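Fold and contact review
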Amino acid sequence: MRFADICGHAREITQLKNAVSSGRLGHAYLFHGPQGIGKRCVALAFAAYLNCLSNNDEDACGVCRDCETVNAGTHPNIFSVWPTVKVKEDVLVKADKPEEGLIRIQQVRELQNLLRHRVGHGKKAVIVEGAERFMPQAAAAFLKTLEEPPPDSIIVLIASRPSELLPTMLSRCQKVGFKPLPY
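Residues numbered from 1 in each chain as written. Predicted model: local features only at pLDDT ≥ 70, side-chain atom pairs only at ≥ 80, totals over all residues. Heavy atoms only, no water.

1. A look at the pattern of salt bridges
Pairing between side chains of opposite charge can happen when the charged atoms of each approach one another. Following the criterion strictly, the structure yields nine salt bridges and no others. Between D59 and R2 there is a salt bridge whose closest N-O contact spans 3.6 Å. One end of the pair, D59, is in the loop between α2 (39-51) and α3 (65-72); the other, R2, is in the segment before α1 (10-21), with 57 residues separating them in the sequence. Under the relative-accessibility criterion, R2 is labelled partly exposed at 26%. With its nearest N and O atoms 4.0 Å apart, the salt bridge here joins E129 to R40. Taken together, the positions of E129 in strand β5 (residues 124-129) and R40 in helix α2 put the pair 89 residues apart, joining distant regions of the chain. (Salt bridge = Lys/Arg side-chain N within 4 Å of Asp/Glu carboxyl O. Helix = DSSP H or I, 4+ residues; strand = E, 2+ residues; numbered from the N terminus. Buried < 20%, exposed > 50% of the residue type's maximum accessible area, 1.4 Å probe, protein only.)

2. Some details on the side chain of K124
You can see K124 is positioned in strand β5. If we skip the residues at most four places from it in the chain, K124 touches N77, F79, L115, R116, H117, V119, P150, P151, D152, S153 and I154. (Contact = heavy atoms within 4.5 Å.)

3. Let's talk about a nonpolar patch on the surface
Together, V87, V91 and V93 line one region of the surface with nonpolar side chains, adding up to about 210 Å² of accessible area. Relative to the helices and strands, V91 resides in strand β4 (residues 91-94). (Patch = residues over 30% accessible without salt bridge, like charges linked within 9 Å, V, L, I, M, F, W, Y side chains within 5 Å. Areas by Shrake-Rupley, 256 points an atom, 1.4 Å probe, with all protein chains shown as cover.)

4. Comments concerning the packing of aromatic side chains
Applying the stated criterion across every chain, the model contains four aromatic pairs. Taking 5.2 Å as the distance between ring centres and 45 degrees as the angle between the ring planes, the aromatic pair formed by F31 and F178 counts as tilted. With a gap of 147 residues between them, F31 in strand β1 (residues 28-32) and F178 in the segment after β7 (174-177) connect regions that are remote in the sequence. For the pair F31 and F178, one class covers both residues: buried. Of note, K94 hangs over the ring of W82, and the distance from its end group to the ring centre comes to 4.4 Å. (Phe/Tyr/Trp six-rings, centres within 6.5 Å; stacked < 30°, edge-to-face > 60°. Lys NZ or Arg CZ within 6 Å of the ring centre and 35° of its normal.)

What follows is the structure, given as structure tokens:
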């Protein structure tokens, strides 16, 4: 995924590129706006941009090994958190839609373990889809990660209803508002 692959959202993409080029990259971002308008695509393109060794100042190259693993969903620096549903006592599966599941403490603990490992190059990128779906205990545990982020990591929370996030989570994030694309 590259910024060039995204239709619209030029303002949001420029905001992210400017943060990188000015050396003012935040450790956490909140991508908020209506459901289904491309927030996750921009987050993936941002993660690719931060991890592409061949990137220029404008975009990830799209063809190097890092870009190929981002596109395959297997890049070792990029982690996704998605709301889950419980199908049995200890069995969780990814919800079909973020609003149908919850983000649970087990997921946060797994993520915290993954973030402890150092990166060879680039940045560790965490993309949390449906960030307003944190269970209370999971939100409290995740807040610790937002307050003391691991080195060389970027956290992107994606929410359609940011008012449902803890105020302390909101205060730790740089906000990037997404608007529906014109027809």
